[in-house]
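# Commentary on secondary and tertiary structure
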Amino acid sequence: MSAWDVRYARQFAEQLAELPDATYDRVESSVDVLASNPGLARRYDPQYEAARPPVPCRSYPVPRTTKVIYLVADERLHELSMLFLGDAREDPR
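Residues numbered from 1 in each chain as written. Predicted model: local features only at pLDDT ≥ 70, side-chain atom pairs only at ≥ 80, totals over all residues. Heavy atoms only, no water.

## Considerations on the overall build of the protein
- Helix and strand counts for the protein come out as two helices and five strands.
- Taking 12 Å as the expected radius of gyration for a compact globule of 93 residues, we find that the protein reaches 13 Å, a close match to that expectation.
- Residue burial in the protein is summarised as follows: out of 93 residues, 33% are buried.
- Sequence separation of at least 24 residues holds for 49% of the intrachain contacts in the protein that already meet a minimum separation of 6.
- Side chains of the protein carry 12 positive and 15 negative charges; the gap between the two charge centres is 5 Å. (Helix = DSSP H or I, 4+ residues; strand = E, 2+ residues; numbered from the N terminus. Rg over C-alpha atoms; globule rule 2.2 N^0.38 Å. Buried < 20%, exposed > 50% of the residue type's maximum accessible area, 1.4 Å probe, protein only. Contact = heavy atoms within 4.5 Å. Lys, Arg positive; Asp, Glu negative; His and termini not counted. Charge placed at Lys NZ, Arg CZ, Asp CG, Glu CD.)

Here is the structure:
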């Protein structure tokens, strides 16, 4: 199976550009992994109403960082849209 197309939302791209080099590389590596294996991202269903995104999405924790990628997988288009780069240390409330 071929890799999925990947698109970055403006907010995701801006967040990515602000990261230290090592974290940037780990996030980019995780995006590559997800492009080949989108099923690794889990359905994001937060417990707190304030943490609910405006659209159903998936999340993927970036290994060896505190970052979490939030994305939408469009199976029909075979496309991943990277929406937001969160931090696992954030208070969801």
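## Considering the layout of surface pockets
- As a volume, the second largest pocket reaches approximately 180 Å³.
- Taken together, 14 residues line the second largest pocket, and the ones lying closest to its centre are R43, Y44, V55, P56 and C57.
- For the lining of the second largest pocket, the element with the most residues is strand β4 (residues 67-74), which contributes three residues.
- Tallied by class, the residues present in the lining of the second largest pocket amount to 10 nonpolar, no polar and four charged. (1 Å grid on protein atoms, 1.4 Å probe; cavity = no way out; pocket = protein on both sides within 12 Å on 5 of 7 lines; lining within 4 Å. Points joined across faces, edges and corners; volume = space filled by probe spheres on them. Nonpolar A, V, L, I, M, F, W, Y, C, P; charged D, E, K, R; others polar.)

## Here we look at the nonpolar core
- Counting residues in hydrophobic clusters, the biggest one holds 15 residues, and the most contacted among them are F12, V27, L34, I69, L71 and M82.
- Where this core is concerned, the elements lending two or more residues are α1 (10-17), α2 (21-36), β4 and β5 (79-87).
- Leaving out residues up to four positions away in the same chain, L71 has contacts with L34, A41, C57, R58, L80, S81, M82 and L83. (Core = buried A, V, L, I, M, F, W, Y, C linked by side-chain atoms within 4.5 Å.)

## Side note on the pattern of salt bridges
- If you walk through the whole model with that rule in mind, you get six salt bridges.
- The partner of R7 in a salt bridge is E79, and the shortest N-O contact between them spans 2.9 Å. Of the two residues, R7 sits in strand β1 (residues 5-8) while E79 sits in strand β5, which places them 72 residues apart along the sequence.
- Residue class for R7 comes out partly exposed when judged on its relative accessible area of 47%.
- Of the charged contacts in the structure, one is a salt bridge between K67 and D87, with a shortest N-O distance of 3.4 Å. Of this pair, K67 sits in strand β4 while D87 is found in strand β5, placing the two residues 20 residues apart along the sequence. (Salt bridge = Lys/Arg side-chain N within 4 Å of Asp/Glu carboxyl O.)

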